[in-house]
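Letter by letter, the chains look like this.
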Amino acid sequence: QDIIRLRKVGIYFLLYVVIGSVICALIGAASCLIFKPGLGLDLSALESAAEATSAAPAGTNLLETIINWIPENPFNAMSSGDMLQIIIFAVFFGVLLSKMREKVDSANTLFTVIDALDELMNRMVSVVLETAPYGVCALVAVMVGTTGLQLITGIGTYILAYYAALAAIVVLLYPALIKFGAKVSIRRYFKNILPVILMSATTMSSTGTLPVTMETTKKRCGVADYIVDLLAPIGATVNMQGAAASQCTYAFFTMYLYGMDLSAGQLIFIIVLGAAMAVGGSGVPGGGVIMCSVMLSIMGMPQTIVPIIAGIFTLLDFGATVLNVLGDTIGMLMVARYTGELDEDVFYGRMEAAIKK
């Protein structure tokens with residue numbers, strides 16, 4: 001409702017999203033350059049099921065990609081699941097509705113309806129999550145049954161490079177942001193945020209973890225309620241730093257697998273595209289497989305590895321999801337510090353200790 005406050009908090013968080021996603025994409029690319037996943041991998045097990053394609057239209061570039069983010073028909077974008085177009089329309093819709101509420105009474109009615117729908121969707125997600133353990137078990141069974149243990153062992157180098165990138169983000173990037181950006185204890189942060197880590201790892205869904213993310217960030221990390229209410233839903237959709245690193249590894253994996261010789265400009269484009277596509281990814285389990293196919297299509301790369309990624313995606317997705325959610329909480333902590341609305345008594349448990357006394 002407060003546009004001035006939205007501008008102050010929103011712009012700072014969006015800068016964090018853009019810069020953080022690019023850095024994570026760079027780390028993912030660097031890990032692949034070190035480990036060179038895909039060299040010497042035998043694809044004969046998949047040749048009968050998939051053929052290499054080069055589906056990228058001629059002249060595809062970053063400017064054209066950005067232009068395609070603007071929705072011509074928002075309802076078509078919603079029906080096809082084009083997340084970037086949906087997000088841009090939602091921001092435009094939300095800002096105008098906020099301005100209308102000051103002058104038009106009927107706008108408050110529409111806001112009430114949307115607020116009720118938001119609560120309904122949260123409850124629906126909670127019901128769906130009750131079946132999540134069965135779904136994860138089924139995904140693992142399909143992966144082993146269709147791909148085979150031998151092929152999974154053959155792409156061990158890729159999995160190693162993938163998790164080396166995620167580990168570098170957790171060990172190097174995030175502690176630096178916590179210490180120098182949020183200016184709080186690194187150890188205390190990870191202790192406070194443990195419920196979010198466990199929930200995101202088991203559900204493999206940023207959206208499904210959202211209720212836990214919001215409650216933990218408010219009640220255990222001391223971030224002001226309005227900051228969490230505003231930024232947590234946005235972060236669960238657009239701030240996917242683990243996905244940014246993942247998207248780059250798919251392209252680099254394909255490059256080494258087929259011995260492609262890409263120019264420095266093309267490698268930079270992969271990094272920028274990986275960060276941008278992470279914004280448009282779905283915050284639900286399995287969404288990364290679709291984005292992998294889109295990434296390779298835009299780059300004009302063979303899509304034979306998509307079945308491989310789909311087969312091992314369960315092994316990859318929980319790590320990226322944890323980073324996606326951690327990135328959201330760190331961003332909200334930094335915004336709260338920047339606005340002076342971080343309650344350190346709550347963060348360090350001083351209030352809880354005083355109550356116990």
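Bear in mind the structure is a predicted one, so any value in this text is a computation, not a measurement.

> What is the right way to look at the overall build of the chain in this model?
The secondary structure content of the chain amounts to 19 helices and zero strands. Burial status across the chain gives 45% buried among its 357 residues. Across the chain, every contact between residues at least 6 apart in sequence was considered, and the portion connecting residues at least 24 apart equals 79%. Total accessible area on the chain stands at roughly 17900 Å², and carbon and sulfur atoms take up 66% of it.

> Is there a simple way to explain the pattern of salt bridges in this structure?
Oppositely charged side chains can form a pair if their charged atoms are brought close together. Inspection of the entire model under this criterion finds three salt bridges. The partner of Asp229 in a salt bridge is Lys218, with the nearest N and O atoms 2.8 Å apart. Pair noted here: Asp229 is in helix α13 (residues 225–238) and Lys218 is in helix α12 (residues 206–219), with a separation of eleven residues, a long-range link. For Lys218, a relative accessible area of 23% corresponds to the partly exposed category.

> How should the packing of α13 against helix α17 (residues 306–339) be read in this particular structure?
As a packed pair, α13 and α17 sit with axes 10 Å apart at the nearest point and diverge in direction by 145°. Helix-helix and strand crossings are classified by hand; for α13 and α17 the assignment is right-handed. Contacts between α13 and α17 pair Ile227, Val228, Leu231, Ala232, Gly235 and Ala236 from the former with Asp328, Met332, Val335, Ala336 and Thr339 from the latter. Residues belonging to the contact of α13 with α17 are distributed by class as follows: eight nonpolar, two polar and one charged.

> Would you explain the packing of helix α9 (residues 156–182) against α17 in this entry?
Helix packing for two helices is described by the angle between their axes and how far apart those axes are. Two numbers describe how α9 lies on α17: the axes approach to 10 Å, and their chain directions differ by 5°. The orientation of α9 with respect to α17, classified from their angle, is roughly parallel. By residue class, the composition of the contact of α9 with α17 is 22 nonpolar, three polar and one charged.

> Just checking my understanding: could you explain the side chain of Gln85 for this structure?
Within the secondary structure, Gln85 is located in helix α5 (residues 83–100). Look past the residues within four positions of Gln85 in its chain and what remains in contact with it is Asn68, Trp69, Ile70, Pro71, Glu72 and Ala77.

> Can you help me understand α13 in this one?
Because an α-helix completes one turn every 3.6 residues, residues spaced three or four positions apart along the sequence face the same direction. Look at α13: 20 Å from first C-alpha to last across 14 residues, which is about the 20 Å you get at 1.5 Å a residue. At Leu231, α13 shows its largest kink, close to 30°, and the proline Pro233 lies no more than four residues downstream.

> It is not clear to me how the side chain of Gln241 should be interpreted in this structure. Could you clarify?
Position of Gln241 relative to the elements: it lies in helix α14 (residues 241–257). Residue classification places Gln241 among the buried residues on the basis of a relative accessible area of 0%. When sequence neighbours within four positions are dropped, the list of residues in contact with Gln241 reads Tyr16, Gly20, Ser21, Cys24, Tyr174, Asn324 and Gly327.

> Please explain the nonpolar core as it appears in this structure.
In terms of nonpolar packing, the biggest core is built from 82 residues, with Tyr158 and Val223 touching the most fellow members. When contributions to this core are tallied by element, the ones reaching two or more residues are α1 (3–35), α9, α12, α13, α14, α15 (264–279), α16 (287–299) and α17. Counting residues per element, this core draws most heavily on α17, which supplies 17 residues. With near-sequence residues (within four places) excluded, Val223 lies in contact with Thr217, Lys218, Val228, Met332, Leu333, Ala336, Glu341 and Leu342.

Parameters at a glance
- Residue numbers run consecutively from 1 along every chain, following the written order of its sequence.
- Only residues with pLDDT of at least 70 are given local features in this predicted model, and only at 80 or more are side-chain atom pairs given and counted; all residues enter the totals for whole chains, interfaces and linings.
- With hydrogens and water set aside, each side-chain value is computed from the structure's full complement of heavy atoms.
- Numbering of helices and strands starts at the N terminus; helices are DSSP runs of H or I of at least 4 residues and strands are runs of E of at least 2.
- Each residue's exposure class comes from its accessible area (1.4 Å probe, protein chains only) as a fraction of the maximum for that residue type: buried when under 20%, exposed when over 50%, partly exposed otherwise.
- When checking whether two residues touch, look at their non-hydrogen atoms; a contact exists if any pair is within 4.5 Å.
- For every accessible area listed, the method is Shrake-Rupley and the probe measures 1.4 Å; residues are considered covered only by the protein chains on display.
- Throughout this description, the term salt bridge denotes a Lys or Arg side-chain nitrogen within 4 Å of a carboxyl oxygen of Asp or Glu.
- Only the stretch in contact is used when a helix axis is fitted, and all axes are lines through C-alpha atoms; the angle between N-to-C directions ranges over 0 to 180 degrees.
- Helix crossings are classified by the rotation of the near helix relative to the far one: an anticlockwise turn of less than a right angle makes the crossing left-handed, while a clockwise turn makes it right-handed.
- In this classification, the charged set is Asp, Glu, Lys and Arg, the nonpolar set is Ala, Val, Leu, Ile, Met, Phe, Trp, Tyr, Cys and Pro, and all remaining amino acids, among them Gly, are polar.
- Working rule for angles: under 35 degrees goes down as roughly parallel, over 145 as roughly antiparallel, 65 to 115 as roughly perpendicular, anything else as oblique.
- Here the expected length of a helix is defined as 1.5 Å per residue gap, with one fewer gap than residues.
- We define the bend at any residue as the angle between the axes fitted to the seven residues before and including it, ending there, and the seven starting there.
- Among buried residues, those of type Ala, Val, Leu, Ile, Met, Phe, Trp, Tyr and Cys that are joined through side-chain atoms within 4.5 Å constitute a nonpolar core.

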